[in-house]
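Spelled out, the chains give:
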Amino acid sequence: MSESKDIEYQHGPRAGGGADGRVPDEPAECLRLREAAAALVAERGLTPPLAWGELDAAARVVVERAGCGPERHSFVMVLVHNAAWWNVLASVPFERRVLLLPPCLRDSAACPATFDALGLICARCGRCPIADLATEAERLGYAVLVAEGTSTVRTLIESGQMDGAVGVSCMTALERAFPSMARQPVPSIAIPLTRNGCSDTAMDVEWVLAAIRVRDGASRVLLTDIARLRREVETWFSESALRAVLGCGESPIERVGLEWLAKSGKRWRPFLTAGVYAALSGEAELPESVRRVAVAVECIHKASLVYDDIQDRDTVRYGEPTLHASYGVPLALNVGLDLLGQGYRLLAESGAPAEIVARMMALATRGHCRLCVGQGAELWWKRAPEPLSAAQVLEMFRLKTAPSFVVVFGLGAILGGADAATLAALDGFSEALGVAYQIRDDLDDLSGAGDVDDVLAGRLSVVVAVAYERAAEGDRRLIEAAWCGGDAEAARRVRDAVLRTNAEQLTLGLLEDYRQRALEALASLRNVALKILLHRVAWRVLDRAPDEARGDGKREDSTWRTE
């Protein structure tokens, strides 16, 4: 590629940072801000992916130190993002990266290119920088796409075909793309256009070239192949695989327990336990101890569902009768106890060193006890229900849901050799995620996309609690009658009261607040692969769409899927 080709090609002189001036007019100013962002990232040891709050706070510091105006803030956020990911992208092989260029770079008056379903097919005429950049990237081994948006890139990365990306776009498009980037964080560099518009745009070619060529072959960040890991974990739960690891006999209780354990589900709890281990250890091949611990997690979880269904008097799960509906409460209790025993036995016989086994057993039993206390608090409230504030409901959520998340992540972390700081960060993440998970569940119930209606079933609902705090006197009496008096007719009318108080939107705000708390709890982590995994968890688990509900009277346990 010619190093001396004019960076504007035939589009004319540099126009600067677009109509709003977010991007500096001069390359020297852009470089100064890039260096300031890189210095702050190094100074604070910021490890990607960065949550929105981390990016925002860091950008404010850079803007203040650099003495530039607030109009530069979003641009500097991009620079902080780039600086945090730079060395990680450098460790990704060229052949595992994709370059995304916008079609608006082409010469709109004379471009001979054609388009297909994926985007522009460059004719390599040399009238714009697309040809030179694509040629250089392909020489190095990149996949190259000239297309609008990031959906194709996201598909390539989610499918495991690519591990990193360099993208060029206008600031407006980058701002719109941030939520999507946050949901699927990958090593990436985003380079804003220096001249905006829908055609004949311009960019700093040398900046793009530097990003394309960045390489550190001596250092390799081992990113977890999530798609491959999901497939492997799924193989652990066929009846034959479970029979082998459990050593099941042929007694009726063991057969029923095995069938219950093998029933459908996304298996995201054992997947996350295995994923945390893989991210911390960097091992491509998982040892047998990880498999046994992951199956133990599912045994304990499936046992808890038996008791949950009995306590809630639910008769359908996975589109089929629950265990107690099929076999009666006494036998279902016995199967649940057997699965609990199998889970703890697998932990004890995982094959891990004795000290690790002792720590895992302590964590699992401590979580078991905390879960019982939390669930018991709700059951105790149901004996004599009374109106609760949103804060009181959220505290019950913290008590009854967070412990299971602490165990799921903690077992993989202990097995993977996590230090005390990592375990503390995971605890904070798990607690906030657990509360957010319950908030999401309540919102699903309100929309009819989730479980049995909480109000009709006499259960806690943070949406109803928020409505109660804001409702007029008549609606407050209606909610009290539904929640505390068992009035079925009032319960059916509560949804209207919720809508009148705007409680749904306020509860969505609570959900986002707890998601951000979860992500911010990870700020101290220095393991990139682990942070990527957990950021994806915080988005995928909490962003359930209505079509992801099971439609069988019980909400599915996971939303982890490849879109």
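Predicted, not measured: the structure shown is a model, and the values here were computed from it. (Residues numbered from 1 in each chain as written. Predicted model: local features only at pLDDT ≥ 70, side-chain atom pairs only at ≥ 80, totals over all residues. Heavy atoms only, no water.)

Caption draft 1: Structural detail: helix α1 (residues 27-44). An ideal rise of 1.5 Å per residue puts 26 Å on 18 residues; α1 measures up with 26 Å between its terminal C-alpha atoms. Every buried residue belonging to α1 is among Cys30, Leu33, Ala37, Leu40 and Val41, and all of these are buried. An end-on view of α1 places all buried positions within 100° of arc, on one side of the element. Among the exposed residues of α1, those oriented more than 90 degrees off its buried face are Ala28, Ala42 and Glu43. Residues of α1 that are buried in the fold lie against α2 (52-66), α3 (73-90) and α7 (205-213). With its phi angle positive at about 60°, Gly45 sits one or two positions after the end of α1. (Helix = DSSP H or I, 4+ residues; strand = E, 2+ residues; numbered from the N terminus. Expected span 1.5 Å × (residues − 1). Buried < 20%, exposed > 50% of the residue type's maximum accessible area, 1.4 Å probe, protein only. Arc of directions from axis to C-beta. Contact = heavy atoms within 4.5 Å.)

Caption draft 2: Representation of the sheet that holds strand β4 (residues 143-146). On the basis of which strands lie adjacent, the open sheet formed by four strands has the order β4-β1-β5-β6 and parallel pairing. The two strands at the open ends of the sheet, each matched to only one other strand, are β4 and β6 (188-192). Strand-to-strand twist in this sheet, taken as the mean axis angle between neighbours without regard to direction, amounts to 10°. Looking at chain direction, strand β1 (residues 97-101) and β4 are connected through four bridges and run parallel. Counterpart to Val98 in the pairing with β4 is Ala143. (Pairing = 2+ DSSP bridges. Axes fitted to C-alpha atoms, helices over the stretch in contact; angles between N-to-C directions.)

Caption draft 3: How the structure looks around the pairing of strand β5 (residues 164-169). Of all six residues that make up β5, six are buried, and the element is covered over most of its length. Alternating residues of β5 divide into Gly164, Val166 and Val168 and Ala165, Gly167 and Ser169, and every residue in both groups is buried. The pairing of β1 with β5 spans four bridges and is classified as parallel. Counterpart to Arg97 in the pairing with β5 is Gly164. Examined bridge by bridge, β5 and β6 share five bridges and lie parallel to one another.

Caption draft 4: Looking closely at the side chain of Ser289. The residue Ser289 is located in helix α12 (residues 288-312) in this model. Under the relative-accessibility criterion, Ser289 is labelled buried at 14%.

Caption draft 5: Spotlight on the confidence of the model for the chain. Averaged over every residue, the pLDDT of the chain is 84; residues scoring 70 or more account for 86%. Mean pLDDT in the chain bottoms out at helix α5 (residues 151-158), which sits at 68, and peaks at helix α14 (residues 329-348), which reaches 95. Across residues 545-563, where pLDDT falls below 50, the model places 63 contacts with residues more than four positions away in sequence or in other chains. (pLDDT = per-residue confidence, 0-100.)

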